[in-house]
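# Chain and residue survey
So the chains spell out like this:
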Amino acid sequence: MSVSTAAADQSLCTPLPVLGRDVTVPLVTGGEVTYAALDYAASAPALQRVWDDVAAYAPYYGSVHRGAGYLSQLSTDLFENARRTVAEFLGCRAGDQVVFTRSTTDSLNLLARAIPAGCQVFVFETEHHASLLPWQHADVTYLDAPRTPGQAVQTLERALADRDPYGPALVCVTGASNVTGELWPVRELAAAAHAHGARIVLDAAQLAPHHPVSVTDLDVDWIAFSGHKLYAPFGSGVLAGRADWLQAAEPYLAGGGASRRVTRREDGGVAVEWHDTAARHEAGSPNVIGAYAIAAACKALTEAGWDTLVAREQDLIAKVRAGLAEVPEVRVLSLFGDDAPRVGVLSFVVDGWNSSHFAAALSAEYGIGVRDGLFCAHPLVRTLLGTDPQTQGECGAPEAAPGEKSLNAIRVSFGAGTPDEHVDRFVNAVRELVRDGAKWQYRTEEGRCVPAV
């Protein structure tokens, strides 16, 4: 083996350093174990590189855009450079805007506020609530869950063919499901939207941390994502894409920073001239550290190399899927089938187990953090579980005791910072719990299954 090949193989086996990788947690059965964070789809741990960059900047933190002092000028440059870094990371086109928000949810609600009057919106029932719910005040059409990528495109094409061809229209789609991890045919859906005179926004919350995402290559009009899923803490998000609807809309928030000029009118009121840049929708003091953290994460992932990151994650996915396939009681949830490409997100149910009970046992007895529930994608999970879409359920765990059937599933998710040992421990824990049962007694407390003490 050559030196270069050996180095490549070594990098393929090495996770990126993240905060919390050495944290230990107590087990109910005694002793402690290194915590296995396998809930990346909710919030990924911060990359050590991001944390170090933020820590180096923190002493120089200052207000942006309106300060004459050195720290304010430095923070302004850093904030605007972060915007340019994100634009490059997303392959934005000339004229596109990058607006910093609080999250994917905030980004899509911003866009929902900016769509023109009479806009028709098309969204699949399979979306996360962040992209399913913001359009309720528009003329929205909810599309049934497709069972193949091709069916997704056909379903959208039929819906768009029936719309008013002269009014504005918007399609909202996910890049990767937060429930199944399956990749959606974004380019094909974008082509279908544009062929029928509609625009398209991509919810890349689950895609951007796992794959390169480009506005230009995917030919989408907007991309929304969250920093906390991209290894960047501090509560910041992004909406990036076409500027025209954003410039024409009233500011998402009215206040300082969004206004270019405010004057008193003769009638005693005030007249406002709003910015037509991204600042139009960034009123108030922005989350400078959050924006900087996102930019640092974008740089770190790009420099690590997407080919290496994707290849390593696919190895982890294969290991998890192979391990779960050896347990007949486990059913992995899927829309598009076992062969569908996916990111490191898998949901499953276990025969004879309440999902909350199983997740609680993974945590208390093995130090493994996963998620159970409907994952803020209620219609999709109910479709996958084959339950009545009208059946009541909650985003968290159900009011079901250990051993009782629940409407929920268990989700395991991982990424660039996941060590192989965490995945191995998870697979072994699933096998042992199904074979031997829990070692501890559990009870329901405020809707959650917890160890009995």
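Read on for a plain summary of the structure. (Residues numbered from 1 in each chain as written. Predicted model: local features only at pLDDT ≥ 70, side-chain atom pairs only at ≥ 80, totals over all residues. Heavy atoms only, no water.)

Here we come to the nonpolar core. Side chains of a nonpolar character, in soluble globular proteins, are inclined to be buried together. Membership of the largest hydrophobic core comes to 85 residues, with the highest contact counts inside it found for Leu202 and Phe225. Among the elements that make up this core, the one with the highest residue count is helix α10 (residues 288-304) (twelve residues). Excluding anything up to four places from it in sequence, Leu202 contacts Val173, Thr174, Gly175, Val186, Leu207, Val213, Leu218, Val220, Trp222, Ile223 and Ala224. In terms of nonpolar packing, the next biggest core, distinct from the first, is built from 33 residues, Leu38, Leu346, Trp353 and Tyr366 among them. (Core = buried A, V, L, I, M, F, W, Y, C linked by side-chain atoms within 4.5 Å. Buried < 20%, exposed > 50% of the residue type's maximum accessible area, 1.4 Å probe, protein only. Helix = DSSP H or I, 4+ residues; strand = E, 2+ residues; numbered from the N terminus. Contact = heavy atoms within 4.5 Å.)

For the rest of this paragraph, the subject is the sheet that holds strand β17 (residues 409-413). Pairing in this open sheet of four strands is antiparallel, and the strands run β13-β14-β17-β16 from one edge to the other. Since the sheet does not close on itself, it has two edges, and those belong to β13 (330-332) and β16 (371-373), each with one partner. In this sheet, adjacent strand axes meet at a mean angle of 30 degrees when their direction is disregarded. Here β13 runs beside strand β14 (residues 345-350); their pairing, made up of three bridges, is antiparallel. (Pairing = 2+ DSSP bridges. Axes fitted to C-alpha atoms, helices over the stretch in contact; angles between N-to-C directions.)

On the surface, Tyr60, Tyr70 and Leu71 cluster together into a nonpolar patch covering about 340 Å² of accessible area. Summarising the element assignment, Tyr60 is placed in the loop between α2 (48-57) and α3 (70-89). (Patch = residues over 30% accessible without salt bridge, like charges linked within 9 Å, V, L, I, M, F, W, Y side chains within 5 Å. Areas by Shrake-Rupley, 256 points an atom, 1.4 Å probe, with all protein chains shown as cover. Salt bridge = Lys/Arg side-chain N within 4 Å of Asp/Glu carboxyl O.)

A separate point is the pattern of salt bridges. Enumeration over the complete set of coordinates arrives at 23 salt bridges. Measuring nitrogen to oxygen at the nearest pair gives 3.3 Å for the salt bridge that ties Lys319 to Asp424. Pair noted here: Lys319 is in helix α11 (residues 306-325) and Asp424 is in helix α14 (residues 420-436), with a separation of 105 residues, a long-range link. Assessed through its relative accessible area of 29%, Lys319 is described here as partly exposed. When the shortest N-O distance is used, the salt bridge between Asp436 and Arg435 registers 2.9 Å. Under the relative-accessibility criterion, Asp436 is labelled exposed at 53%.

Below, the discussion takes up helix α13 (residues 378-385). Counting buried residues in α13 gives six out of eight residues, a clear majority hidden from the surface. Three or more residues of α13 are buried, namely His378, Leu380, Val381, Arg382, Leu384 and Leu385. Along its buried surface, α13 packs onto α5 (129-132), β13, β14 and β16. Gly386 lies just past α13 and shows a positive phi near 75 degrees.

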